[in-house]
Amino acid sequence: MEKPLTGFYGSPDRYNKREMLDEVVAEARRLRDAVRGARVILGYAENFVYAPSVQKEREIVEKSKAQIVRMTGEESHSGSHSPVYGIWSVQGGGSLIAKGCHPLGAILYLKRKEGLARAGKPIRP
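These notes cover the structure that comes with them.

Parameters and conventions
Residues numbered from 1 in each chain as written. Predicted model: local features only at pLDDT ≥ 70, side-chain atom pairs only at ≥ 80, totals over all residues. Heavy atoms only, no water. Helix = DSSP H or I, 4+ residues; strand = E, 2+ residues; numbered from the N terminus. Buried < 20%, exposed > 50% of the residue type's maximum accessible area, 1.4 Å probe, protein only. Contact = heavy atoms within 4.5 Å. Areas by Shrake-Rupley, 256 points an atom, 1.4 Å probe, with all protein chains shown as cover. Salt bridge = Lys/Arg side-chain N within 4 Å of Asp/Glu carboxyl O. Phe/Tyr/Trp six-rings, centres within 6.5 Å; stacked < 30°, edge-to-face > 60°. 1 Å grid on protein atoms, 1.4 Å probe; cavity = no way out; pocket = protein on both sides within 12 Å on 5 of 7 lines; lining within 4 Å. Points joined across faces, edges and corners; volume = space filled by probe spheres on them. Nonpolar A, V, L, I, M, F, W, Y, C, P; charged D, E, K, R; others polar. Expected span 1.5 Å × (residues − 1). Arc of directions from axis to C-beta.

Looking only at helices and strands, the protein chain features four helices and zero strands. Starting at the N terminus, the α and β elements of the protein chain follow one another as α-α-α-α. Out of the 125 residues in the protein chain, the part that is buried amounts to 18%. A fraction of 62% describes how many contacts in the protein chain between residues 6 or more apart in sequence connect residues 24 or more apart. Split by element, the accessible area of the protein chain, about 9300 Å² in all, is 55% carbon and sulfur.

Further remarks concern the pattern of salt bridges. This model, assessed by the stated rule, comprises six salt bridges. Note that Glu-27 and Arg-30 form a salt bridge whose closest N and O atoms lie 2.8 Å from each other. With Glu-27 and Arg-30 both in helix α1 (residues 17-38), this residue pair falls three residues apart, about one helical turn. The exposure class assigned to Glu-27 is partly exposed, which follows from its relative accessible area of 33%.

Summarising the element assignment, Glu-114 is placed in helix α4 (residues 94-119). The exposure class of Glu-114 is buried, given its relative accessible area of 2%. Ignoring anything within four residues of it in the chain, the contact list for Glu-114 reads Val-61, Ala-66, Gln-67, Ile-68 and Ile-123.

This part covers the packing of aromatic side chains. Counted under the stated rule, the structure contains one aromatic pair. When the centroid spacing of 5.2 Å and the interplanar angle of 75° are considered together, the rings of Phe-8 and Tyr-15 count as edge-to-face.

In this model, the second largest pocket occupies a volume close to 160 Å³. For the second largest pocket, the full set of lining residues is Phe-48, Ser-53, Val-54, Glu-57, Met-71, Thr-72, Gly-73, Pro-103, Ala-106, Ile-107 and Leu-110. At the level of secondary structure, the elements contributing two or more residues to the lining of the second largest pocket comprise α2 (52-64) and α4. Residue composition of the lining of the second largest pocket, by class: seven nonpolar, three polar and one charged.

Below, the discussion takes up α1. The terminal C-alpha atoms of α1 lie 32 Å apart, and with 22 residues this matches the ideal 32 Å at 1.5 Å per residue to within 8%. Phi for Arg-39, located one or two positions after α1, is positive at around 55°.

Attention shifts here to α2. Taking 1.5 Å per residue, 13 residues should reach 18 Å; α2 reaches 18 Å between its end C-alpha atoms and fits that length. Of the residues making up α2, those classed as buried are Val-54, Gln-55, Arg-58 and Val-61. Take α2 and look down its axis: the buried residues cluster within an arc of 120°, on one side only. Opposite its buried face, α2 presents the exposed residues Pro-52, Ser-53 and Lys-63, each directed more than 90 degrees away. Once α2 finishes, Lys-65 follows within two positions and takes phi at roughly 55°, a positive value.

So, in structure tokens, the structure goes:
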């Protein structure tokens, strides 16, 4: 799957934030149940992990069996240049979808690789 996985697609003028969140959570649960029922793997399509800097770190971790003690993530680009970027009632998703998913994806990817290199099994969040 590609981001966003789901979202609120009704009119923000007719619902409050709690109702919108409840609808998104219900949709995500329906999707989860459908995936489980079909006995398939739902994967996240993120190509940021193939950036040269992330792949270099992966190589170091795998070859040295290093332990990653601390990682922080930040998104330094200015984001979308859409005039509605950042307006939650139009754009949705919030900062995690808008920017935070890239470093988070790399962090989870590298911790998985660390676990495989050091113990033969992924480190799960």
